Amino acid sequence: MTIFKKIINKEIPAQIIYEDDLCLCFNDIKPQAPVHLLLIPKKEIPTLDDLSEEDSKLMGHLVYRASVIAKEQGISDVGYRLVVNVKEYGGQEVHHLHFHILGGRNFSWPPG
Ligand code: AMP
């Protein structure tokens, strides 16, 4: 079981920002920006590569919810970054699909 599934199950604590039937948003334990949240589906999907067409509505819900959370967090006026790391070269460490919502500072491009 991944660490994120344990957070969903409330077996380990997290600072939860938002929760509904489909998703959970909480503070990243090692923030890389003044605001660094993780938004995850409750459904166990290891990577972005494991999506099936039936997940399209779920993913739409997550992206919309990310935009609402960014506004609520006060990071959307100047802009922020929404990131999905995918597998080894993408830098994915936890194999439960997640969006990073990063804001509160300026981000460079291209990423490292
Ligand atoms: P990734 O490298 O895209 O898989 O990102 C995994 C993220 O999960 C990292 O930014 C970690 O800091 C974060 N993380 C790992 N364990 C926890 C935890 N228990 N609570 C909150 N965030 C965590």
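Throughout, residues of each chain are indexed from 1 in the direction in which the sequence is written. Only residues with pLDDT of at least 70 are given local features in this predicted model, and only at 80 or more are side-chain atom pairs given and counted; all residues enter the totals for whole chains, interfaces and linings. Computation of side-chain values: all heavy atoms of the structure, hydrogens and water removed.

Right, let's get into the overall build of the chain. Secondary structure elements follow DSSP: runs of H or I no shorter than four residues count as helices, runs of E no shorter than two count as strands, and numbering proceeds from the N terminus. A tally of helices and strands in the chain yields three helices and five strands. Start at the N end of the chain and walk to the C end: the helices and strands fall as α-β-β-β-α-β-α-β. When we talk radius of gyration, it's over C-alpha atoms, and the globule rule is simply 2.2 Å times the number of residues to the 0.38. For the chain, the C-alpha radius of gyration of 14 Å lies close to 13 Å, the compact-globule estimate for 112 residues. Dimensions of the chain along its principal axes, counting C-alpha atoms only, are 35 × 30 × 25 Å. Note on exposure labels: buried denotes an accessible area under 20% of the residue type's maximum, exposed denotes more than 50%, and partly exposed covers the range between, all computed with a 1.4 Å probe on protein chains only. When the 112 residues of the chain are sorted by exposure, 38% land in the buried category. Method for areas: the Shrake-Rupley scheme with a 1.4 Å probe, in which residue coverage is limited to the protein chains shown. Accessible surface, the chain as shown: approximately 7,000 Å² in total, 52% of it carbon and sulfur. Residues scored as charged are limited to Lys and Arg (positive) and Asp and Glu (negative), so that His and the chain ends carry no count. Taken as the charge location is NZ of Lys, CZ of Arg, CG of Asp or CD of Glu. Where the 12 positive side-chain charges of the chain centre and where its 15 negative ones centre are 4 Å apart.

The immediate surroundings of the ligand are formed by 16 residues, with Asp28, Asn85, Glu93, His98 and His100 found nearest. Measuring from an oxygen atom of the ligand, one finds a backbone N or O atom of Glu93 at 2.7 Å. For the ligand, whose accessible area on its own is 510 Å², the fraction buried by protein is 85%. Elements represented by at least two residues in the shell around the ligand include exactly helix H1 (3-8) and strand E2 (23-27). For the shell around the ligand, the leading source of residues is H1, giving three residues. Looking at the shell around the ligand residue by residue, the class counts come to seven nonpolar, six polar and three charged. The criterion for a residue being near a molecule or strand is simple. One of its heavy atoms has to lie within 4 Å of it. We call two N or O atoms a polar contact when they sit within 3.5 Å, provided that within protein one can donate a hydrogen and the other can accept it, with sequence-adjacent residues counted only if both atoms are side-chain atoms. Polarity classes work like this: nonpolar for Ala, Val, Leu, Ile, Met, Phe, Trp, Tyr, Cys and Pro, charged for Asp, Glu, Lys and Arg, and polar for all others, with Gly in that last group.

A few words on the state of the cysteines. Cysteine sulfur atoms are paired as a disulfide whenever they fall within 2.5 Å. Counted by the stated rule, this structure contains zero disulfides. Of the cysteine sulfurs around Cys23, a residue in no disulfide, the closest is that of Cys25, at 7.7 Å. Using a relative accessible area of 0% as the deciding quantity, one classes Cys23 as buried.

Let us now look at the pairing of E2. Summarising burial for E2: four of the five residues are buried, a large majority. Across three bridges, strand E1 (residues 16-19) lies against E2 in antiparallel orientation. Paired with Ile16 across the bridge in E2 is Phe26. Hairpin remark: E1 followed by E2, antiparallel, with three residues in the connecting loop. For two strands to count as paired, DSSP must find a minimum of two bridges between them. Across five bridges, E2 lies against strand E3 (residues 35-41) in antiparallel orientation.

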